[in-house]
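# Fold and geometry: a report
Now for the letters of each chain:
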Amino acid sequence: MLSKDKMQRINELSRKSKQSVLTSAEKTEQKKLREEYLQVFRKSFVQDLHGMTFVDPNGDDVTPEKLKRSKDNKKNLKH
């Protein structure tokens with residue numbers, strides 16, 4: 001999870017960009033913070049997906065094969 005300070009800074013820069021022009025240093029900082037946020041978000045999303053199993057009304061596992069392979073690859077990386 002991204003620190004509270006970084007989230008506040010992202011929001012601060014966003015508000016400032018709507019009110020006035022950001023300096024080049026602020027634009028660079030904003031881009032860096034957004035990329036970091038997206039990396040954390042994507043990692044969290046993938047972890048959430050790996051924790052899911054899809055089941056149809058009959059109780060059969062219908063988890064997509066691509067997700068099953070992704071889970072297996074992740075397990076192999078831990079060893």
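The structure under discussion appears in the preceding block.
To keep things clear, this report deals only with the structure shown in the data block. (Residues numbered from 1 in each chain as written. Predicted model: local features only at pLDDT ≥ 70, side-chain atom pairs only at ≥ 80, totals over all residues. Heavy atoms only, no water.)

### Describing the packing of aromatic side chains
Counted only if it meets this: Only Phe, Tyr and Trp rings are paired, with Trp represented by its six-membered ring, and only when their centres lie within 6.5 Å; those with planes under 30 degrees apart are stacked, over 60 edge-to-face, the remainder tilted. Here a helix means four or more residues in a row that DSSP labels H or I, a strand means two or more in a row labelled E, and each is numbered from the N terminus. Any residue under 20% of the maximum accessible area for its type is buried, any over 50% is exposed, and the rest in between are partly exposed; the area is computed with a 1.4 Å probe on protein chains only.
Summed over the entire model, instances satisfying the criterion amount to 2 aromatic pairs. With a centroid separation of 6.4 Å and an interplanar angle of 25°, the aromatic rings of Y37 and F41 are classed as stacked. Here Y37 pairs with F41, and both are found in helix α2 (residues 24-50), just 4 residues apart, close to one helical turn. Measuring from ring centre to ring centre gives 6.3 Å for F41 and F45, while their planes differ by 15°; the resulting arrangement is stacked. Taken together, the positions of F41 and F45, both in helix α2 and 4 residues apart, correspond to about one turn of that helix. The class of F41 is partly exposed, set by a relative accessible area of 47%. Among the aromatic residues, ring-to-ring pairing joins Y37, F41 and F45 into one connected group.

### Overview of the side chain of Q30
We apply this condition: Every residue pair with non-hydrogen atoms within 4.5 Å of one another is taken to be in contact.
Mapped onto the elements, Q30 comes out in helix α2. Leave out the neighbours within four places in its chain, and Q30 touches L13, S14, S17 and L22.

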